[in-house]
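Structural description and commentary
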Amino acid sequence: MMKKQTGFTLIEIAIVMVIIGLLLVGVLKGQELITNSKISRMSNDFNGISAGVFSYLDRYGAYPGDDENALARWGGDADAGDGDGLITGDPFSASVADESRQVWIHLRQSGLVTGSGTNLPNHAFGGPIGVADSPAGTNITGNAICMQNIEGKIPEILDRQLDDGAGDSGELQNTDSTAESPTPMKPNFTICTRWHFYHFE
């Protein structure tokens, strides 16, 4: 006598498909929540650094990195700036002697930001955070906070939430310039903003 072969019924297959669909939706929703949390942390980083810089200016009468009295005040790895009100050097300079790197030493020595040593801090997506005057590739004039290596659509999302949605204008700008108008934010580039306080609506 032949054995009767059994398989899944349509109802069983449908139930499995629904379960797989629910799992996929849960995973995607979880990834979206994680990304949104990181974007919010980046906004907080911009605000926290701005607050630290202004607190330093209020306490010591100079921008961190540009402080002429930093060596006498902090010693150690701290170097004196030239006191011209501008933080010179590339935002992600490898030279600890540049004012753009001294910013972090001055802020850490004063207790206004966490961390130690001379390394640049990292933003929520893992790239470095830097500070410098008039960052190359942007239309920003004056001291600015920059974040490098931001993934995918994140720069565009940040610019739409925090600014004007155009990468080549406004408070938040991208170092990539293209002929498109308005220039959208591009992935995996550096975004910079003037000292500014942001909030999500």
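Structure: above.
Presented here is an overview of the structure given in this document.

Rules used throughout
Residues numbered from 1 in each chain as written. Predicted model: local features only at pLDDT ≥ 70, side-chain atom pairs only at ≥ 80, totals over all residues. Heavy atoms only, no water. Helix = DSSP H or I, 4+ residues; strand = E, 2+ residues; numbered from the N terminus. Buried < 20%, exposed > 50% of the residue type's maximum accessible area, 1.4 Å probe, protein only. Contact = heavy atoms within 4.5 Å. Areas by Shrake-Rupley, 256 points an atom, 1.4 Å probe, with all protein chains shown as cover. Core = buried A, V, L, I, M, F, W, Y, C linked by side-chain atoms within 4.5 Å. Axes fitted to C-alpha atoms, helices over the stretch in contact; angles between N-to-C directions. Parallel < 35°, antiparallel > 145°, perpendicular 65-115°, else oblique. Nonpolar A, V, L, I, M, F, W, Y, C, P; charged D, E, K, R; others polar. Pairing = 2+ DSSP bridges. Salt bridge = Lys/Arg side-chain N within 4 Å of Asp/Glu carboxyl O. Disulfide = S-S within 2.5 Å.

Focus: the overall build of the chain
Helix and strand counts for the chain stand at 4 helices and 4 strands. Order of helices (α) and strands (β) in the chain, N terminus to C terminus: α-α-α-β-β-α-β-β. Across the 201 residues that make up the chain, the buried fraction comes to 39%. Sequence-distant contacts, at least 24 apart, represent 53% of the contacts inside the chain between residues at least 6 apart. Carbon and sulfur atoms make up 56% of the accessible area of the chain, which totals about 11000 Å².

Quick notes on the nonpolar core
Grouped together as the largest cluster of nonpolar side chains are 34 residues, with contacts concentrated most on Met42, Trp104, Leu158 and Ile191. Mapped onto this core, the elements with two or more residues apiece are helix H1 (10–60), helix H2 (70–74), helix H3 (99–109), strand E1 (129–133), strand E2 (143–147), helix H4 (154–162) and strand E4 (191–194). In this view, Leu158 contacts Ile39, Met42, Asp163, Leu172 and Ile191; residues no more than four positions away in its chain are not counted.

A few points about the packing of H1 against H3
With their axes 11 Å apart at the nearest point, H1 and H3 run at an angle of 75 degrees to one another. Our classification of the angle between H1 and H3 gives roughly perpendicular. In this structure, H1 contributes Ile49, Gly52, Val53 and Tyr56 to the contact, and H3 contributes Trp104, His106 and Leu107. Split by residue class, the contact of H1 with H3 holds 5 nonpolar, 2 polar and no charged.

Focus on the pairing of E1
By the criterion of burial, E1 is predominantly enclosed, with 4 of the 5 residues buried. The sheet contact formed by E1 and E2 spans 5 bridges and is antiparallel. The residue of E2 that forms the bridge with Val131 is Ile145.

A look at the pattern of salt bridges
Across all of its chains, the model carries 2 salt bridges by this definition. Of the charged contacts in the structure, one is a salt bridge between Arg73 and Asp67, with a shortest N-O distance of 2.2 Å. The salt bridge involving Glu156 is made with Arg160; its shortest N-O contact spans 3.7 Å. Pair noted here: Glu156 and Arg160 are both in helix H4, with a separation of 4 residues, about one helical turn. You can call Glu156 partly exposed: its relative accessible area is 23%.

Quick look at the environment of Arg41
Turning to its location among the elements, Arg41 is positioned in helix H1. As for Arg41 and Phe125, which are separated by 84 residues in sequence, their C-alpha atoms are 9.5 Å apart.

Quick word on the state of the cysteines
Scanning the entire structure with this criterion turns up 1 disulfide. One disulfide in the model links Cys146 with Cys192; its S-S distance is 2.2 Å. Here the disulfide of Cys146 and Cys192 is right-handed, its torsion about the S-S bond being about 110 degrees. Note that Cys146 is positioned in strand E2 and Cys192 in strand E4, a separation of 46 residues in sequence. For Cys146, a relative accessible area of 0% puts it in the buried group. For Cys192, a relative accessible area of 1% puts it in the buried group.

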